[in-house]
Amino acid sequence: MAEPKRDGTREKLFRAAVKVFASEGYKGATVREICALAGAGNMSSINYYFGSKEELYKEILDLIFSEYQKQKGRQTGPKNRTATPEEQLRHFIEAYCRMLYRGVEVDEDMRSIFMAEMSRPSPYLDQMAAKYMMPQAGELMNILRGILGAKTPPQVLLDCGVSIVGAIGYDSVAWRLFAPMVPDLPDMQLYADGLAGHVYRFSRGGLETVKKSLAARRTVKARTEETETRKIRSR
């Protein structure tokens, strides 16, 4: 995830807030704790630089949720508009993995905030969802529609999309738990591209199976309708 802008006291407050919100949650975090960690003796510093604790938290969320677009822009640029649906899926997965697992010192805490928002939403998640998550979801649905076909049922598209994003996000919670089972388990920042490659290949295999299943269903439906039509005509 991206590094916040450097600006002396403001940056110290921002970084301190990321740590406090990550450990205490949105409701549990206090202005006093944030200022103490930042070494800011004046309790009104947050109001001066950010407006309020709420506005500071929203700025952190905005940084977290905007990172996907930044990663995708660095990675693909204008060429994504002419890419095939399969190439667009690879770009999407790579950007999402880099959003979650590549970055700077505050990344671990920002991932904690992100996962907390998914399980215990703050009052501001709806704003972030409307601004960032819904466009991302729409982008993924369009990519999947391009791979599976224009008439693919919305529920099938949703199931496939959730499976892809879920495969990426699960490791942000469980990766450390795998260490006893997998010798020399790499750090997720180092493995982000490897994970992206695996999720892409696995997703392509799953999508191909779904595509064949949909085609088989359409064939059965067409045959059933043809049989019913013949019955009606023979009466």
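What you are looking at is a predicted structure, and each value in this text was computed from that prediction instead of being measured.

The rules behind each value
Once a new chain begins, its residue numbering starts again from 1 and follows that chain's sequence as written. With pLDDT at 70 or above as the cut-off, local features in this predicted model cover only qualifying residues; side-chain atom pairs require 80 or more to be listed or tallied, and sums for whole chains, interfaces and linings still use all residues. To obtain the side-chain values, all non-hydrogen atoms of the structure were included, while hydrogens and water were left out. A helix here means a DSSP run of H or I that spans at least four residues, while a strand means a run of E at least two residues long, and both kinds are numbered starting from the N terminus. Two things to know: the radius of gyration comes from C-alpha atoms, and the globule rule equals 2.2 Å times the number of residues to the power 0.38. Note on exposure labels: buried denotes an accessible area under 20% of the residue type's maximum, exposed denotes more than 50%, and partly exposed covers the range between, all computed with a 1.4 Å probe on protein chains only. Only heavy atoms enter the contact rule, under which two residues are in contact if any of them lie within 4.5 Å. Where accessible areas are quoted, they stem from the Shrake-Rupley method and a 1.4 Å probe; at the residue level, only the protein chains shown are allowed to cover. Charged-residue counts in this description rest on Lys and Arg as positive and Asp and Glu as negative, His and the chain ends being excluded. All charge positions are set by atom: Lys at NZ, Arg at CZ, Asp at CG, Glu at CD. Using only the protein atoms, space was sampled on a 1 Å grid; points where a 1.4 Å probe fits but cannot get out form cavities, open sets with protein on both sides within 12 Å along at least five of seven lines form pockets, and lining residues are those with an atom within 4 Å of a point. Grid points are joined across faces, edges and corners, and a volume is the space filled by probe spheres set on the points. Just so you know the grouping, Ala, Val, Leu, Ile, Met, Phe, Trp, Tyr, Cys and Pro go in nonpolar, Asp, Glu, Lys and Arg go in charged, and all remaining residues, Gly too, go in polar. Working definition: a disulfide is two cysteine sulfur atoms within 2.5 Å of each other. What pLDDT reports is the predictor's confidence in each residue, on a scale of 0 through 100. Note on aromatic pairs: the rings of Phe, Tyr and Trp (six-membered ring only in Trp) are paired at centre separations within 6.5 Å, and the planes decide the class, stacked below 30 degrees, edge-to-face beyond 60, tilted for the rest. Here an angle of 0 to 180 degrees is reported between the N-to-C directions of two axes, which are lines fitted to C-alpha atoms, with helices fitted over the stretch in contact. Comment on the angle field: the value is read as roughly parallel under 35 degrees, roughly antiparallel over 145, roughly perpendicular from 65 to 115, and oblique elsewhere. The term salt bridge refers to a pairing of a side-chain nitrogen on Lys or Arg with a carboxyl oxygen on Asp or Glu at a separation within 4 Å. Helices are assigned an expected span. That span is 1.5 Å times one less than the residue count. Counting of polar contacts relies on pairs of N or O atoms within 3.5 Å, with two restrictions inside protein: one atom must be capable of donating a hydrogen and the other of accepting it, and residues adjacent in sequence are counted only when both atoms are side-chain atoms.

1. Quick look at the overall build of the protein
Counting secondary structure elements, the protein contains ten helices and zero strands. Secondary structure elements of the protein, listed N to C terminal, follow the sequence α-α-α-α-α-α-α-α-α-α. Relative to the compact-globule value of 18 Å for 235 residues, the protein shows a C-alpha radius of gyration of 23 Å, a clear excess of over 25%. Taking the principal axes of its C-alpha atoms as reference, the protein extends roughly 90 × 45 × 35 Å. Within the span of the protein, comprising 235 residues, buried residues form 41% of the whole. Expressed as a percentage of contacts within the protein between residues at least 6 apart in sequence, the contacts between residues at least 24 apart total 69%. Entry remark: accessible area of the protein is about 13,500 Å², with carbon and sulfur atoms responsible for 54%. Side chains of the protein carry 36 positive and 29 negative charges; the gap between the two charge centres is 8 Å.

2. Examining the layout of surface pockets
Sizing a probe to match a water molecule and rolling it over the atoms shows the empty space that remains. Of the voids in this model, the largest pocket is the one considered here, and its volume is about 490 Å³. Tyr-96, Met-118, Met-133, Ala-137 and Val-165 are the residues nearest the centre of the largest pocket, which is lined by 21 residues in total. No other element matches the seven residues that helix H9 (residues 154–174) contributes to the lining of the largest pocket. Residue composition of the lining of the largest pocket, grouped by class: 16 nonpolar, five polar and no charged.

3. Here's the deal with the state of the cysteines
For the structure on display, the rule yields zero disulfides. You can see Cys-97 has no disulfide; the closest cysteine sulfur is in Cys-160, sitting 17 Å from it. Using a relative accessible area of 0% as the deciding quantity, one classes Cys-97 as buried. The class of Cys-160 is buried, set by a relative accessible area of 10%.

4. A word on the confidence of the model for the protein
A low pLDDT means the predicted coordinates there should not be read in detail. Confidence in the prediction for the protein averages 87 pLDDT; 91% of positions are at 70 or higher. By mean pLDDT, the top-scoring element of the protein is helix H2 (residues 31–38) (95), and the lowest-scoring one is helix H5 (residues 67–75) (74).

5. Quick look at the packing of aromatic side chains
Per the stated rule, a full pass over the model turns up nine aromatic pairs. Ring centres of Phe-21 and Tyr-26 lie 6.4 Å apart, and the angle between their planes is 20 degrees; this geometry places the pair in the stacked category. Residue Phe-21 shares its accessibility class with Tyr-26, and that shared class is buried. Ring geometry for Tyr-170 and Phe-178: centres 6.3 Å apart, planes at 35 degrees, overall tilted. Tyr-170 sits in the exposed class, given a relative accessible area of 51%.

6. So, unusual backbone geometry
Glycine aside, residues mostly have negative phi angles, and peptide bonds mostly take the trans form. For Asp-184, which is not glycine, the phi torsion reads 60 degrees and is therefore positive. You can call Asp-184 exposed: its relative accessible area is 77%.

7. Some words on the packing of helix H6 (residues 85–101) against helix H7 (residues 107–119)
As a packed pair, H6 and H7 sit with axes 8 Å apart at the nearest point and diverge in direction by 110 degrees. Considering their axes alone, H6 and H7 lie roughly perpendicular with respect to each other. On the side of H6, the interface is formed by Tyr-96, Leu-100 and Tyr-101, while H7 contributes Asp-107, Arg-111 and Phe-114. Partitioning the contact of H6 with H7 into residue classes produces four nonpolar, no polar and two charged.

8. So, the pattern of salt bridges
A full pass over the atoms with the stated rule returns seven salt bridges. Between Arg-98 and Asp-193 there is a salt bridge, with its nearest N and O atoms 3.0 Å apart. With Arg-98 in helix H6 and Asp-193 in helix H10 (residues 188–234), the pair connects residues that are 95 residues apart, well separated along the chain.

9. Re H10
Taking 1.5 Å of rise per residue, 47 residues should cover 69 Å, and H10 covers 66 Å from first to last C-alpha, within 8% of that figure. Along H10, the residues that are buried comprise Met-188, Ala-192, Leu-195, Ala-196, Val-199, Tyr-200, Ser-203, Leu-207 and Leu-214. The inward-facing, buried residues of H10 abut H6, helix H8 (125–148) and H9. Measuring from the backbone nitrogen of Gln-189 back to the side-chain oxygen at the start of H10 gives 2.8 Å, which picks out Asp-187 as the cap.

10. Points about the packing of helix H1 (residues 9–28) against helix H4 (residues 53–65)
For the pair H1 and H4, interaxial distance at closest approach is 10 Å and the crossing angle is 90 degrees. With respect to H4, the axis of H1 lies roughly perpendicular. For the pair H1 and H4, contact is made by Arg-10, Phe-14, Ala-17, Val-18, Phe-21, Tyr-26 and Lys-27 and by Lys-53, Glu-54, Leu-56, Tyr-57, Glu-59, Ile-60 and Leu-63, respectively.

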